[in-house]
Amino acid sequence: MSQAEKKPMARAMAGLEFSPDEIDRACRERGLLSIELEMTHACNLRCAYCYARGGEQLAGEMSFDEIKGAVAQALELGARKIVILGGGEPCMYSQFHGLIEHLDGLGVDIEVFTNGTLIDAQAACFLYEHRVSVVVKRNSGDPAVQDALAGVPGTFERIQRGIDCLFAAGYPDAEHGLGVQTVICRQNLSEMPELWRWARSRSILPYFECMTLQGRAVEDQELRVSPDEIGEAFRELSRIDREEFGIEWTPHPPLAGSRCARHLYSILVRANGDLYPCVGVEIAVGNIRRDRLADVIRNHPVIDDLRHVYQRIKGRCRHCRLNGWCYGCRGNAFQLTGDYLAADPCCWIGDGLADQADA
């Protein structure tokens, strides 16, 4: 890996897609730096851990014009990046190409999370031509494990074909990011070092994350991994990065080598128009069909709490020495306690990192 390749990767792994000053300004001015879009709930896979239980298209999904309208509102608030999520599979959205062309014409950064199974040579070239960063969901290097987690036979081969097509199109380079998203669960836990090295050695950005206990993940107890096991895995990945790739980071949830800061500058628009702080905090704070983004971000108490999360977080997180950088996973806090400001119950960091406990 060249030094030129290491610098943007190290920046991304530090959780710095935006600078601290930009994030602080967005919070202070109640603006946005990005939005996350779910265009459709339709999906060709049935992943065991899927937070959205993706599968069939929802009744009343947003029209193309409504999606463009949501993007326009976000840009008015300062957004510079549009993240297209996989609540379903984005490539199954009927006007996916039209939306990418529209976003490219606006000059915004575009990032697409996809399961990769529908990417062929033509699709890969289209994405490259329109400056799209791509994150492919890849949970195992073992075909049997990958197919079982995806719920559809042959998924492993189709994912690999999609990644190969992206490589052939020119990914990754300085202007076209390529990542892999891996949800850590019981079935792939032992593979973490191998999967990490596979990504790093190919200049692929690894998005390795703790599983949020919602959606289908709640129904499958065999997926679950203890916080201590996650902590051990994160520490090993940190050691690999430090010793083999020259990248330093402190292990903490929910992302290996990175941090979640979306509550400070982003918002999620679901396929039916509902607005959420993130995929894990399932509290609808409005709907794009009736509420303006500016009003929701400036006036809703949940958004206000999460934009001041470091000051308002509860439990041991409040006094942890990582407060101000890490706030754990607000999704798991909400899913497991009902309180989006509670300490993350899935965090392995003990009282040794806290100055004191809440009275």
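See the structure printed just above.
Computed from a predicted model, the values in this text were never measured in an experiment.

Here's the deal with the overall build of the protein
- Summing up its helical and strand segments, the protein has 14 helices and nine strands in all.
- Its C-alpha radius of gyration of 19 Å places the protein within 12% of the 21 Å reference for a compact globule of 359 residues.
- Seen along its three principal axes, the alpha-carbon backbone of the protein occupies a region of about 60 × 45 × 45 Å.
- Burial analysis of the protein (359 residues in total) assigns 58% to the buried set.
- Counting every atom, the protein has about 14800 Å² of accessible surface; 48% of that belongs to carbon and sulfur.

A few points about the packing of helix 5 (residues 121-129) against helix 7 (residues 155-169)
- At a closest axis distance of 8 Å, the pairing of helix 5 and helix 7 adopts a crossing angle of 50°. Of the possible angle classes, the one that applies to helix 5 and helix 7 is oblique. For the pair helix 5 and helix 7, the crossing hand works out as right-handed. Each of Ala121, Ala124, Cys125 and Tyr128 in helix 5 lies in contact with helix 7, whose residues at this interface are Cys165, Leu166 and Ala169.
- Among the residues forming the contact of helix 5 with helix 7, the class breakdown is seven nonpolar, no polar and no charged.

Here we look at the nonpolar core
- Formed by 96 residues in total, the largest nonpolar core has its most connected members in Leu32, Val134, Phe208 and Ile267.
- Broken down by element, this core gets its largest block of residues, six residues, from helix 10 (residues 227-245).
- In this structure, Phe208 is in contact with Val180, Thr182, Ile184, Met192, Leu195, Trp196, Phe234, Leu237, Pro254, Leu255 and Ala256, ignoring residues within four places of it in sequence.
- Counting 26 residues, the second-largest nonpolar core is a separate cluster that includes Ala48, Val83, Cys185 and Met211.

Looking at the sheet that holds strand 3 (residues 109-114)
- Reading across the sheet, the nine strands line up as 6-5-4-3-2-1-7-8-9 and stay open at both edges, with mixed pairing between neighbours. Whereas interior strands pair on both sides, the edge strands pair on one side only; in this sheet they are strand 6 (205-210) and strand 9 (286-287).
- In this structure, strand 4 (residues 132-137) lies alongside strand 5 (residues 178-184), joined through four bridges in parallel fashion. Directly across from Val134, in strand 5, lies its bridge partner Leu178.
- Packing of helix 7 onto the sheet brings it into contact with strand 4 and strand 5, and relative to strand 4 it is tilted by some 155°.
- Against the sheet, helix 8 (residues 192-200) contacts strand 5 and strand 6, and its axis sits at roughly 150° relative to strand 6.

Here's the deal with helix 2 (residues 20-29)
- Taken as a whole, helix 2 has its buried residues at Ile23, Ala26 and Cys27. When helix 2 is viewed along its axis, its buried side chains cluster within an angular range of 100° and face the same direction. Counted as exposed and oriented over 90 degrees from the buried face of helix 2: Asp21, Arg28 and Glu29.
- Those residues of helix 2 that are buried are in contact with helix 12 (301-307).
- Positive phi appears at Arg30, one or two residues downstream of helix 2, with a value of about 55°.

Details of unusual backbone geometry
- Each neighbour pair has its own omega, and for Tyr171 with Pro172 the value is -20°, a cis peptide bond.
- Counting through the fold element by element, Pro172 comes out in the loop between helix 7 and strand 5.
- Of note in this structure, Arg30 is not a glycine but carries a positive phi near 55°.
- With respect to the helices and strands, the residue Arg30 is situated in the loop between helix 2 and strand 1 (34-37).
- The partly exposed category is assigned to Arg30, whose relative accessible area is 37%.
- Here Arg131, not a glycine, exhibits a phi torsion of approximately 65°, which is positive.

Describing the side chain of Ser140
- Within the secondary structure layout, Ser140 lies in the loop between strand 4 and helix 6 (143-150).
- For Ser140, the side chain forms a polar contact with the side chain of Glu191, separated by 2.5 Å.
- Apart from residues no more than four positions distant in its own chain, Ser140 is found in contact with Val145, Gln146, Phe156, Glu191 and Leu195.

What to know about helix 5
- Within helix 5, the full set of buried residues consists of Ala123, Ala124, Phe126 and Leu127. One side of helix 5 carries all its buried residues, which in axial view fall inside an arc of 160°. Facing away from the buried surface of helix 5 by more than 90 degrees, the exposed residues are Gln122 and Glu129.
- Each element contacted by the buried residues of helix 5 is listed here: helix 4 (96-106), strand 4 and helix 7.

Quick notes on the packing of helix 4 against helix 5
- Relative to each other, helix 4 and helix 5 sit at 20°, their axes nearing to 10 Å. One finds that helix 4 runs roughly parallel with respect to helix 5. The handedness of the crossing between helix 4 and helix 5 comes out as left-handed. Contacts from Phe96, His97, Ile100, Glu101 and Asp104 in helix 4 reach Phe126, Leu127 and Glu129 in helix 5.
- Along the lines of polarity and charge, the residues of the contact of helix 4 with helix 5 split into four nonpolar, one polar and three charged.

The rules behind these values
- Residues numbered from 1 in each chain as written.
- Predicted model: local features only at pLDDT ≥ 70, side-chain atom pairs only at ≥ 80, totals over all residues.
- Heavy atoms only, no water.
- Helix = DSSP H or I, 4+ residues; strand = E, 2+ residues; numbered from the N terminus.
- Rg over C-alpha atoms; globule rule 2.2 N^0.38 Å.
- Buried < 20%, exposed > 50% of the residue type's maximum accessible area, 1.4 Å probe, protein only.
- Areas by Shrake-Rupley, 256 points an atom, 1.4 Å probe, with all protein chains shown as cover.
- Axes fitted to C-alpha atoms, helices over the stretch in contact; angles between N-to-C directions.
- Parallel < 35°, antiparallel > 145°, perpendicular 65-115°, else oblique.
- Left-handed = near helix turned anticlockwise from the far one by under 90°.
- Contact = heavy atoms within 4.5 Å.
- Nonpolar A, V, L, I, M, F, W, Y, C, P; charged D, E, K, R; others polar.
- Core = buried A, V, L, I, M, F, W, Y, C linked by side-chain atoms within 4.5 Å.
- Pairing = 2+ DSSP bridges.
- Arc of directions from axis to C-beta.
- Polar contact = N/O pair within 3.5 Å; in protein donor to acceptor, adjacent residues only side chain to side chain.

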